[in-house]
Amino acid sequence: MQFEHIVGQQEVKERLITSFRGGRLAHTQLFLGPEGSGALPLAIAFAQFVNCKQPTETDSCGDCPSCKKFQKYAHPDLHFYFPTTTTDAVKKEPKSELMLTEWRTYLSKNQGYATQNSWYDFLGVGNKQGTIYVRDAADIISKMALKAYEAKYKVIVVWMVEKLHESASNKLLKTLEEPPDNTLILLVAERFELLLPTVRSRAQLVKVPKITDPDIFQWLQDQYSDATAAQSVTRQANGNLNAALEILNNVDESQSNFILLSQWLRLCYKPGNFVPLHQFNQEMSKLGRERQKSFLKFALESIHNSLAINHGNAQLVKSTGEELTFVQKFAPYINKANQIKIVGILNQAIFHIERNAHAAILFTDLSFQMVDLMEAGKKFVKNPF
Ligand SMILES: [Zn+2]
């Protein structure tokens, strides 16, 4: 992680670099910033910078052996601790070391912009909340006792210090106060008021503000080159990069769901040639489970919209533009002859996907039922009584 890949936060970056160059390196630092501000990536970029073999004035080189390992979050002197809980793979006594592979994959996926919810989602633990356990504190202490393998500074990154169990923080107090030479402890937190006073008082504070609107806007425009969309997402994101990404993903997903749905319904409406419908089913079966569910939920929503239009409640329909035109054209064919059954088969398909049904068979079956139901709907339009 290089500073240049972190959105905005120029002042924080400069302050970190200046303090390091001035020889004022505090050995325990607390990176405190709200969700989506980049406190964790800043801490990682700082750790990479102080260990880089040939840093520039403003950044690590990104190219030396040390940087390369840091960029994979896999330097032997970079140690991560974070909230964990029991998972399918770790059924008891969870701790950070047992989930390092998942953690590295997760960080790579999010360019270091971690949030608690997305981390727990990634682990697939539902609504369970994580903790940094006393077992983790014991691991930290034993890591400290060893010499660095190859780095100038051994780095311990503790993400979401709010989640430090009290017993764990008690165990760490002495270590936080006097880490061994050439060791950096970088604590990362979102909410100061939730930190134990004993932890707060032992670390030098690095305040990370929300990302400014111009910085988020600039980044969005560089990525997506659509100024109007970038403006609207910037307003909604309120300085939170994770929120901006989520909004963008939802927009993309909803657009692609619409394209898939209009394609599918057209194929089911005019089933003269089954080859394209078969291809459609094959394509759907290759998407991930979450994408398949998202498509089916979107289909269900569109059917509900059609029913609202049919019953003179068009004001309930949130779709706009071509999506609305499509639903309006299609609405007459969703009627008494098929509406309950269509809702039923879509709900059932969602139910089965959640239980790992074979996707190709499921979509083939669903499409054939839909062809019949569309036929019944068409007949009803011609002869409603
Ligand atoms: Zn380097």
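Residues numbered from 1 in each chain as written. Predicted model: local features only at pLDDT ≥ 70, side-chain atom pairs only at ≥ 80, totals over all residues.

Focus on the overall build of the protein
Then comes step 1: Within the protein, the regular secondary structure consists of 16 helices and 5 strands.
Then comes step 2: Summarising its shape, the C-alpha atoms of the protein cover approximately 85 × 45 × 40 Å along the three principal directions.
Then comes step 3: Evaluated residue by residue, the protein yields a buried proportion of 35% over its 385 residues.
Then comes step 4: Long-range contacts, defined as pairs at least 24 residues apart, comprise 74% of the intrachain contacts of the protein with a sequence gap of at least 6. (Helix = DSSP H or I, 4+ residues; strand = E, 2+ residues; numbered from the N terminus. Buried ≥ 20, exposed ≤ 12 C-beta atoms within 10 Å, placed from the backbone. Contact = placed C-beta atoms within 7 Å.)

Let's talk about the sheet that holds strand 1 (residues 28–32)
Then comes step 1: With parallel pairing, the 5 strands of this open sheet are ordered in space as 2-3-4-1-5. Lying at the two open borders of the sheet, with one neighbouring strand each, are strand 2 (78–81) and strand 5 (204–207). Averaged over all neighbouring strand pairs, the angle between strand axes comes to 20°, with direction disregarded.
Then comes step 2: In the sheet, strand 3 (residues 154–159) pairs with strand 4 (residues 183–189) via 6 bridges, with the strands oriented parallel. Counterpart to Ile156 in the pairing with strand 4 is Ile185. (Pairing = 2+ DSSP bridges. Axes fitted to C-alpha atoms, helices over the stretch in contact; angles between N-to-C directions.)

Describing the nonpolar core
Then comes step 1: Ranked by internal contacts, the top residues of the largest apolar core, which has 67 residues, are Phe31, Ala43, Ala47, Val157, Leu186, Leu187 and Val188.
Then comes step 2: Residues contacting Leu187, with those up to four places away along its chain left out, are Gln29, Leu30, Phe31, Val158, Val161 and Ala203.
Then comes step 3: Core analysis: the next-biggest nonpolar cluster, separate from the first, contains 25 residues, Trp264, Leu267, Phe330 and Ile334 among them. (Core = buried A, V, L, I, M, F, W, Y, C linked by C-beta atoms within 7 Å.)

Looking at unusual backbone geometry
Then comes step 1: The phi dihedral of Gln9 falls on the positive side, at around 60°, and the residue is not glycine.
Then comes step 2: With respect to the helices and strands, the residue Gln9 is situated in the segment before helix 1 (10–21).
Then comes step 3: Its 24 C-beta neighbours within 10 Å are what place Gln9 among the buried residues.
Then comes step 4: We note that Met160 has phi near 65°; this positive angle belongs to a residue other than glycine.
Then comes step 5: Note that Met160 resides in the loop between strand 3 and helix 7 (166–177).
Then comes step 6: We classify Met160 as buried; it has 23 C-beta atoms within 10 Å.

Section: the packing of helix 15 (residues 339–354) against helix 16 (residues 359–382)
In a pair of packed helices, the angle between the axes and the distance between the axes together describe the arrangement.
Then comes step 1: Look at helix 15 against helix 16: their axes get within 10 Å of each other, and the N-to-C directions meet at 175°. Classed by the angle they form, the pair helix 15 and helix 16 counts as roughly antiparallel. Note on element contacts: helix 16 touches helix 15 through Leu362, Leu366, Gln369 and Leu373, opposite Lys341, Ile342, Ile345, Ala349, His352 and Ile353. (Parallel < 35°, antiparallel > 145°, perpendicular 65-115°, else oblique.)

Describing the domain arrangement of the protein
Then comes step 1: The domain architecture assigned to the protein consists of domain 1 (3–210) and domain 2 (243–382).
Then comes step 2: Inter-centroid distance (C-alpha atoms) of domain 1 to domain 2 is 44 Å. (Domains from an automatic or database assignment.)

What about the environment of His352?
Then comes step 1: Here His352 lies in helix 15.
Then comes step 2: With 17 C-beta atoms counted inside 10 Å, the residue His352 sits in the partly exposed group.
Then comes step 3: In this structure the C-alpha to C-alpha distance between His352 and Leu324, which are 28 residues apart in sequence, comes to 29 Å.
Then comes step 4: Those residues in contact with His352 that lie beyond four places of it in its chain are Ala357 and Leu362.

Observations regarding helix 16
Residues separated by three or four positions in an α-helix point in the same direction, a consequence of the helix having 3.6 residues per turn.
Then comes step 1: Helix length check: helix 16, at 24 residues, gives a terminal C-alpha distance of 35 Å against a target of 34 Å (1.5 Å per residue), a fit within 8%.
Then comes step 2: Turning to helix 16, its buried residues are Ala359, Phe363, Leu366, Met370, Leu373, Met374 and Gly377.
Then comes step 3: Turning to helix 16, the residues buried within the fold contact helix 11 (241–269), helix 12 (274–286), helix 13 (289–310) and helix 15. (Expected span 1.5 Å × (residues − 1).)

Observations concerning the environment of Pro180
Then comes step 1: Mapped onto the elements of the fold, Pro180 is located in the loop between helix 7 and strand 4.
Then comes step 2: Taking the C-alpha atoms as reference, Pro180 lies 9.8 Å from Leu146; in sequence the two are 34 residues apart.

Structural notes on the packing of helix 9 (residues 213–224) against helix 10 (residues 227–237)
Then comes step 1: It is the contact of helix 9 with helix 10, at a shortest axis distance of 9 Å, that shows an interaxial angle of 140°. As judged from the angle between their axes, helix 9 and helix 10 are oblique. Crossing angle aside, the handedness with which helix 9 passes helix 10 is right-handed. Across from Asp213, Ile216, Phe217, Leu220, Gln221 and Tyr224 in helix 9, the residues of helix 10 making contact are Ala227, Ala229, Ala230, Gln231, Val233, Thr234 and Ala237.
Then comes step 2: Split by residue class, the contact of helix 9 with helix 10 holds 9 nonpolar, 3 polar and 1 charged. (Left-handed = near helix turned anticlockwise from the far one by under 90°. Nonpolar A, V, L, I, M, F, W, Y, C, P; charged D, E, K, R; others polar.)

Focus on the pairing of strand 3
Then comes step 1: With respect to burial, strand 3 is a largely interior element, 6 of its 6 residues being buried.
Then comes step 2: Along strand 3, one buried face is formed by Lys154, Ile156 and Val158 and the opposite face, lined by Val155, Val157 and Trp159, is buried too.
Then comes step 3: With 4 bridges joining them, strand 2 and strand 3 adopt parallel strand pairing. For Phe80, the partnering residue across the bridge sits in strand 3 and is Val157.
Then comes step 4: Taken together, strand 3, helix 7 and strand 4 constitute a β-α-β crossover, and its handedness is right-handed. (Right-handed = clockwise from strand over helix to strand, strands pointing away.)

Quick notes on the pairing of strand 1
Then comes step 1: The buried fraction of strand 1 amounts to 5 of the 5 residues, a majority that puts the element mostly inside the structure.
Then comes step 2: Side chains Thr28, Leu30 and Leu32 of strand 1 all project onto a buried face; the interleaved residues Gln29 and Phe31 project onto the opposite face, where all are buried too.
Then comes step 3: Two elements, strand 1 and strand 4, share 5 bridges in a ladder whose sense is parallel. For Leu30, the partnering residue across the bridge sits in strand 4 and is Leu187.
Then comes step 4: Looking at chain direction, strand 1 and strand 5 are connected through 4 bridges and run parallel. Counted as the bridge partner of Leu32 is Lys207 from strand 5.

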